[in-house]
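Spelled out, the chains give:
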Amino acid sequence: MIVLWRLRSQTVYDPVFEDWLFHALLPLAAYGALTGSACVAGSHEQVALYLVAGAALLLLYVGIHNAWDTVIYHTFVKKPKERQKEEQPKS
């Protein structure tokens, strides 16, 4: 929920669909699957275990994607801006 609030409240960057998908929708779906697995664990053990496994894999995938996205941002956006500031002559 904190991530959703921060996505909506920040003004520097306008989030695109991919940001909403990987920072809000997919994690919520994974947590929903975990909640669902807890609800059906008593009567359908095998289904509950598959839901837990699917949620874990989804969260792993989302984490890898977000980490990769962060590395790419810092490499291709943040570093070039820092280099430009360093190369500008001081008056």
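I will try to describe carefully the structure that is included in this document. The numbering scheme is per chain: residues are counted from 1 as the chain's sequence reads. Whole-chain, interface and lining totals are the exception, using all residues; otherwise, since this is a predicted model, local features are given only for residues with pLDDT of at least 70 and side-chain atom pairs are given and counted only at 80 or more. Note that water and hydrogens are dropped before the side-chain values are worked out from all heavy atoms of the structure.

### Quick look at the packing of aromatic side chains
Basically, it comes down to this: Any two rings among Phe, Tyr and Trp, with Trp reduced to its six-membered ring, count as a pair given centres within 6.5 Å; such a pair is stacked if its planes are under 30 degrees apart, edge-to-face if over 60, and tilted if neither. Helix numbers and strand numbers start at the N terminus; a helix is a DSSP run of H or I with at least 4 residues, a strand a run of E with at least 2. Here the term buried applies to any residue with accessible area under 20% of the maximum for its type, exposed to any over 50%, and partly exposed to those in between, with areas from a 1.4 Å probe on protein chains only.
Throughout the structure, instances matching the rule amount to one aromatic pair. On the numbers, 5.8 Å between centres and 55° between planes, the contact of phenylalanine 22 with tyrosine 61 is tilted. Of the two residues, phenylalanine 22 sits in helix H2 (residues 17-40) while tyrosine 61 sits in helix H3 (residues 45-87), which places them 39 residues apart along the sequence. Its relative accessible area of 9% is what places phenylalanine 22 among the buried residues.

### What about the side chain of histidine 65?
As a reminder, the rule being used: Only heavy atoms matter for contacts: two residues are in contact if any of them lie within 4.5 Å across the pair.
Among the structural elements, histidine 65 can be located in helix H3. A relative accessible area of 17% places histidine 65 in the buried class. When residues no more than four places from it in sequence are discounted, the contact partners of histidine 65 are Glu18 and Phe22.

### Observations regarding H2
For clarity, the cut-off: A helix is expected to span 1.5 Å for every residue after the first. What the bend at a residue measures is the angle between two axes, fitted to the seven residues ending there and to the seven starting there.
Here H2 spans 32 Å end to end across 24 residues, near enough to the 34 Å set by a 1.5 Å rise per residue. Roughly 30° is the biggest bend found in H2, and it falls at leucine 25, with proline proline 27 one to four residues downstream. Among the residues of H2, those classed as buried are Asp19, Phe22, Ala24, Leu26, Pro27, Ala30, Ala33 and Ser37. Close packing links the buried residues of H2 with helix H1 (2-9) and H3.

### Quick notes on the packing of H2 against H3
This is how it is decided: Axes here mean lines fitted to C-alpha atoms, for a helix over just the part in contact, with angles spanning 0 to 180 degrees between N-to-C directions. Should an angle fall under 35 degrees it is called roughly parallel, over 145 degrees roughly antiparallel, and 65 to 115 degrees roughly perpendicular, with every other angle called oblique. Should the near helix be turned anticlockwise from the far one by less than a right angle, the crossing is left-handed, and should it be turned clockwise, the crossing is right-handed. Lys, Arg, Asp and Glu make up the charged group, whereas Ala, Val, Leu, Ile, Met, Phe, Trp, Tyr, Cys and Pro make up the nonpolar group; the residues left over, Gly among them, are polar.
One can describe the packing of H2 onto H3 by two numbers: an axis separation of 8 Å at closest approach and a directional angle of 160°. It follows from the interaxial angle that H2 and H3 lie roughly antiparallel. Taken as a pair, H2 and H3 cross one another with a handedness that is left-handed. Of the residues belonging to the contact of H2 with H3, the class tally is 18 nonpolar, five polar and four charged.

### Observations concerning the environment of alanine 56
Within the secondary structure, alanine 56 sits in helix H3. Expressed as a C-alpha distance, the spacing of alanine 56 and alanine 33, which sit 23 residues apart in the sequence, is 9.6 Å.

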